[in-house]
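Structural characterization, general
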Amino acid sequence: MLRVLSLLFLALGGVILGTDLIGGLSGGAVLGLSSLGDWWFWAHPNSLQLLQPAVERHISPALFDPYIVTLLIWPAAIQFLVLGGLIWLIARPPWSRIRQSKM
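Definitions and limits used
Residues numbered from 1 in each chain as written. Predicted model: local features only at pLDDT ≥ 70, side-chain atom pairs only at ≥ 80, totals over all residues. Heavy atoms only, no water. Helix = DSSP H or I, 4+ residues; strand = E, 2+ residues; numbered from the N terminus. Buried < 20%, exposed > 50% of the residue type's maximum accessible area, 1.4 Å probe, protein only. Contact = heavy atoms within 4.5 Å. Areas by Shrake-Rupley, 256 points an atom, 1.4 Å probe, with all protein chains shown as cover. Polar contact = N/O pair within 3.5 Å; in protein donor to acceptor, adjacent residues only side chain to side chain. Axes fitted to C-alpha atoms, helices over the stretch in contact; angles between N-to-C directions. pLDDT = per-residue confidence, 0-100.

Moving on: the overall build of the protein chain. Each helix and strand counted, the protein chain has six helices and zero strands in total. Starting at the N terminus and walking to the C terminus, you meet the elements of the protein chain as α-α-α-α-α-α. Relative to its 103 residues, the protein chain shows a buried fraction of 23%. By sequence separation, contacts in the protein chain at least 24 residues apart represent 63% of the contacts at least 6 residues apart. For the protein chain, the exposed surface amounts to about 7,500 Å²; the carbon and sulfur share of it is 73%.

Let us now look at the side chain of S35. Along the chain, S35 falls in the loop between helix 1 (2–27) and helix 2 (36–43). Exposure remark for S35: the relative accessible area of 11% places this residue in the buried category. At a separation of 3.2 Å, a polar atom in the side chain of S35 contacts the main-chain amide nitrogen of D38. Among all residues touching S35, those that are not within four sequence positions of it are L72, I73, W74, P75 and A76.

At a minimum axis separation of 8 Å, helix 3 (residues 45–58) and helix 4 (residues 61–73) run at an interaxial angle of 145°. Between helix 3 and helix 4, the contacting residues are L48, L51, Q52, V55 and E56 on the first element and P61, L63, F64, I68 and L72 on the second.

In this section: the confidence of the model for the protein chain. Per-residue pLDDT for the protein chain has a mean of 87; in total, 86% of the residues score no lower than 70. For the protein chain, the element scoring lowest by mean pLDDT is helix 6 (residues 94–102), at 62; helix 5 (residues 76–90) scores highest, at 95.

Printed below as a string of structure tokens:
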């Protein structure tokens, strides 16, 4: 199950990276990676607007500004690719980890 989830994150990161590269090359503009906040706003703007009050009210007011805002500013493709890679490493079967450590 975790491997499927990691493949979904890796595929999503690849698609976002591809659209950023194609959009930058075809537009003739400076090549830049779009942020997670941009993609989220494109997909569902209402839920993005509800994120801040929900986090501040139900979790912690100090969590949103330094941490979640930073994640929303970082490039989406890199976040999904890194997250997918980490989940892929965690989801490896334990016998493959043991076999590699003995070599």
